[in-house]
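Below are the chains, spelled out letter by letter.
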Amino acid sequence: MALSLLMGRNPAAPVPAPAAPSGTEGEDAALFHGRYGFIVKLPPGYQARSSFTDAEKTLEVVYIYRQGTDPQHFIHDGLYEHLGILRLEVLPRRVPQGFVGMDALKAFILRQLAAEKSLFEQRATMVNGMPAFIVKVSKPFQIRRAYAVGEKVRYTLVGGLENPVFDQVLETLAETGSTDSH
């Protein structure tokens, strides 16, 4: 109810897919169902909202945040650590040049970080069967990002460098195979 009240005050794009409590996932747990056919389990006390941020409706952006967080704080990555905010960006793997695979995505991200002269660590991992890697950037700005490549879409999770909720959410990211319109 609080989420619908909050969303009713936001004059921006409507957000029809809020998290709904599952009732079977332990105390206060909820599942968020993304429009591209993925789910994430929300930690207790957290909620999520999503919208497409481009005119073509290809980039789904999901904010995962503590209940009561001011949505104006979503804009600045520097606040994510202190406020416990996460941003999940979901894009199709298909691009005009073909499909984006893990090797191409990783090479692109590492080139970008080198060009920005960022000080970072990276490690490969798997997220529910999807190849992934995590980048911890310590300079020029402290931030952590996880990149995963699913069957039809690619995911980028952005959060604070030491935010424990980042790992919890990343571990629960899974593809369901059903999509609303894509």
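Before reading further, recall that the structure is shown in the block above.
Conventions used here
- Residues numbered from 1 in each chain as written.
- Predicted model: local features only at pLDDT ≥ 70, side-chain atom pairs only at ≥ 80, totals over all residues.
- Heavy atoms only, no water.
- Helix = DSSP H or I, 4+ residues; strand = E, 2+ residues; numbered from the N terminus.
- Buried < 20%, exposed > 50% of the residue type's maximum accessible area, 1.4 Å probe, protein only.
- Contact = heavy atoms within 4.5 Å.
- Arc of directions from axis to C-beta.
- Polar contact = N/O pair within 3.5 Å; in protein donor to acceptor, adjacent residues only side chain to side chain.
- Phe/Tyr/Trp six-rings, centres within 6.5 Å; stacked < 30°, edge-to-face > 60°.
- Lys NZ or Arg CZ within 6 Å of the ring centre and 35° of its normal.
- Pairing = 2+ DSSP bridges.
- Axes fitted to C-alpha atoms, helices over the stretch in contact; angles between N-to-C directions.

A. Looking closely at the overall build of the protein chain. Within the protein chain, the regular secondary structure consists of 4 helices and 13 strands. For the protein chain, with 182 residues in total, the buried portion stands at 43%. The contacts in the protein chain between residues at least 6 apart in sequence include a share of 45% that link residues at least 24 apart.

B. Region of the structure containing helix α4 (residues 164-172). For α4, the complete set of buried residues consists of Val165, Phe166, Val169 and Leu170. Take α4 and look down its axis: the buried residues cluster within an arc of 135 degrees, on one side only. Exposed side chains of α4 directed beyond 90 degrees from the buried face belong to Pro164 and Glu171. The N-terminus of α4 is capped by Asn163, whose side-chain oxygen sits 2.9 Å from the backbone nitrogen of Val165.

C. How the structure looks around the packing of aromatic side chains. Within this structure, the stated rule accounts for 6 aromatic pairs. Between Phe32 and Phe38, the aromatic rings sit 6.3 Å apart at their centres with planes inclined by 45 degrees, giving tilted as the arrangement. Accessibility assignment for this pair places Phe32 and Phe38 in one class, buried. Each ring, one from Phe38 and one from Tyr155, has its centre 5.6 Å from the other, and the planes form 80 degrees; the classification is edge-to-face. A residue pair is termed long-range when its members are at least 10 positions apart, and Phe38 in strand β3 (residues 38-42) and Tyr155 in strand β12 (residues 153-159) qualify at 117 residues. For Lys106, the ring lying beneath its charged end belongs to Phe133, and the centroid distance is 5.6 Å.

D. Molecular detail of the side chain of Thr69. Take Thr69: it is sitting in the loop between β5 (60-66) and α2 (80-83). A polar side-chain atom of Thr69 sits 2.7 Å from the main-chain carbonyl oxygen of Arg66. Once you skip the residues sitting within four places of it in the chain, Thr69 turns out to touch Phe74 and Ile85.

E. Expanded view of the pairing of strand β6 (residues 86-92). The pairing of β5 with β6 spans 5 bridges and is classified as antiparallel. Bridge pairing links Glu60 to Val90 in β6. Inspection of the sheet shows β6 paired to β12 by 6 bridges, in the antiparallel sense. Counterpart to Val90 in the pairing with β12 is Tyr155.

F. Expanded view of the sheet that holds β5. Taken in spatial order, the 7 strands make up an open sheet running β4-β5-β6-β12-β11-β10-β9, and their pairing is antiparallel. At either margin of the open sheet sits one strand with a lone partner, and together these are β4 (46-52) and β9 (119-127). Ignoring which end each strand starts from, the neighbouring axes of this sheet average 15 degrees apart.

G. View of the environment of Val127. Considering the arrangement of structural elements, one finds Val127 in strand β9. The buried category is assigned to Val127, whose relative accessible area is 5%. Spatially, the C-alpha atoms of Val127 and Glu171 are 6.2 Å apart, while their sequence positions differ by 44 residues. With near-sequence residues (within four places) excluded, Val127 lies in contact with Ala132, Leu170 and Leu173.

In short, geometric facts, not functional conclusions.
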